[in-house]
Amino acid sequence: MNRFYYIFILIVLVACGSSKKTTTNKLPPLSPRKVKVETKSPNSKVNNLPVKTSETKPVGNQDAVKPKTEVLEATSKVKVTAQMVNDYVEKFKEIAKHNMREHGVPASITLAQAILESGAGTGTLCLKANNHFGIKCHKEWGGESVSHDDDASQECFRKYVEPSQSFTDHSLFLSSRPWYAPLFKLQKNDYKGWAFGLKKSGYATDPKYPDKLIGLIERYQLHRFDAEVLGLPFESTIVKDSTEQATVSIGNDIHIVTAGDTLYSISKRYNVTVDFLKVKNNLLDNALSIGQKLIIK
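Remember, predicted model here, so these are calculated numbers, not experimental data.

The rules behind these values
Residues numbered from 1 in each chain as written. Predicted model: local features only at pLDDT ≥ 70, side-chain atom pairs only at ≥ 80, totals over all residues. Heavy atoms only, no water. Buried < 20%, exposed > 50% of the residue type's maximum accessible area, 1.4 Å probe, protein only. Helix = DSSP H or I, 4+ residues; strand = E, 2+ residues; numbered from the N terminus. Salt bridge = Lys/Arg side-chain N within 4 Å of Asp/Glu carboxyl O. Polar contact = N/O pair within 3.5 Å; in protein donor to acceptor, adjacent residues only side chain to side chain. Contact = heavy atoms within 4.5 Å. Phe/Tyr/Trp six-rings, centres within 6.5 Å; stacked < 30°, edge-to-face > 60°.

**Remarks on helix α7 (residues 191–200)**
Along α7, the residues classified as buried are Tyr 191, Lys 192, Trp 194, Ala 195, Gly 197 and Leu 198. Of the residues flanking the end of α7, it is Gly 202, one or two places downstream, whose phi is positive at about 95°.

Okay, here's the thing in structure tokens:
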């Protein structure tokens, strides 16, 4: 009996030790570590201070380097820079000179009308129809056309495959209609006579159309191409009408722009304002051309 008693006590002790070991070594599973990640929005705050977001700031005075623009308005109203106009002239000057030789329309007038009507190549009709002069279909037109709002809604305008076709059609349009016949009796370098004659013959309804053409011709010296076609010195192509000659002789109120002249320097010389000069001479910007005539009183 004693032996069985000791065996029983031994079994109980072994069982208790085993249970204690298991309990001691059995630890609860570790939960994954949670890491808090904060995303900062442009409007979020850290320590009650607004968070600054990076942005690109303009360097220097941007207005100082911004090219000046002028508004050209005919079948489209657009803003263009002098560089855009000069690039346009460079691209189409030879076509204008060719048409002057073939059909008698001064190259200066052709280019000035094209610049104005097409917005120096950026106008709607120019881009979608290669129509640089805003010529409408008319009853004799058998080619392609596009619709465009002008004097009325969705009017019919001619469409060309190439810009050169538009320039040729412009010359043919003027030379084939009897109401433009008086223009072809003018001197070939009389761009002023042509400008006013186009308005008088009904080409445009804008009362300032002649002044706009003359302004473009003189600012960009388009009449030099007339001189090249005619084989004349450029200086001799400037035509003076009787009114201008009288003004010069009576009041000496005309200033001829020379190298280095600016509207500001001219205004100081004659004790007038820049705005006065711009209004008096129908100038859209401060650009001047050598040889250009300015009314200063």
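**Focus: the pattern of salt bridges**
For the coordinates displayed, the defined rule picks out nine salt bridges. Between Lys 192 and Glu 218 there is a salt bridge, with its nearest N and O atoms 3.9 Å apart. With a gap of 26 residues between them, Lys 192 in helix α7 and Glu 218 in helix α8 (residues 209–219) connect regions that are remote in the sequence. Here Lys 192 and Glu 218 have matching classes, each one buried. The network of salt bridges with common partners includes Glu 140, Arg 158, Asp 169 and Arg 177.

**Remarks on the side chain of His 132**
Considering the arrangement of structural elements, one finds His 132 in the loop between α5 (124–129) and β5 (145–148). At 2.6 Å, the side chain of His 132 and the side chain of Tyr 88 are in polar contact. Excluding its chain neighbours within four sequence positions, the residues that come into contact with His 132 are Tyr 88, Phe 92, Gln 113, Ala 114, Glu 117, Ser 118, Cys 126, Pro 163, Ser 166 and Phe 167.

**Thoughts on the packing of aromatic side chains**
A full pass over the atoms with the stated rule returns 10 aromatic pairs. Aromatic ring contacts, followed pair by pair, group Phe 173, Trp 179, Tyr 180, Tyr 203 and Tyr 209 into a single cluster.

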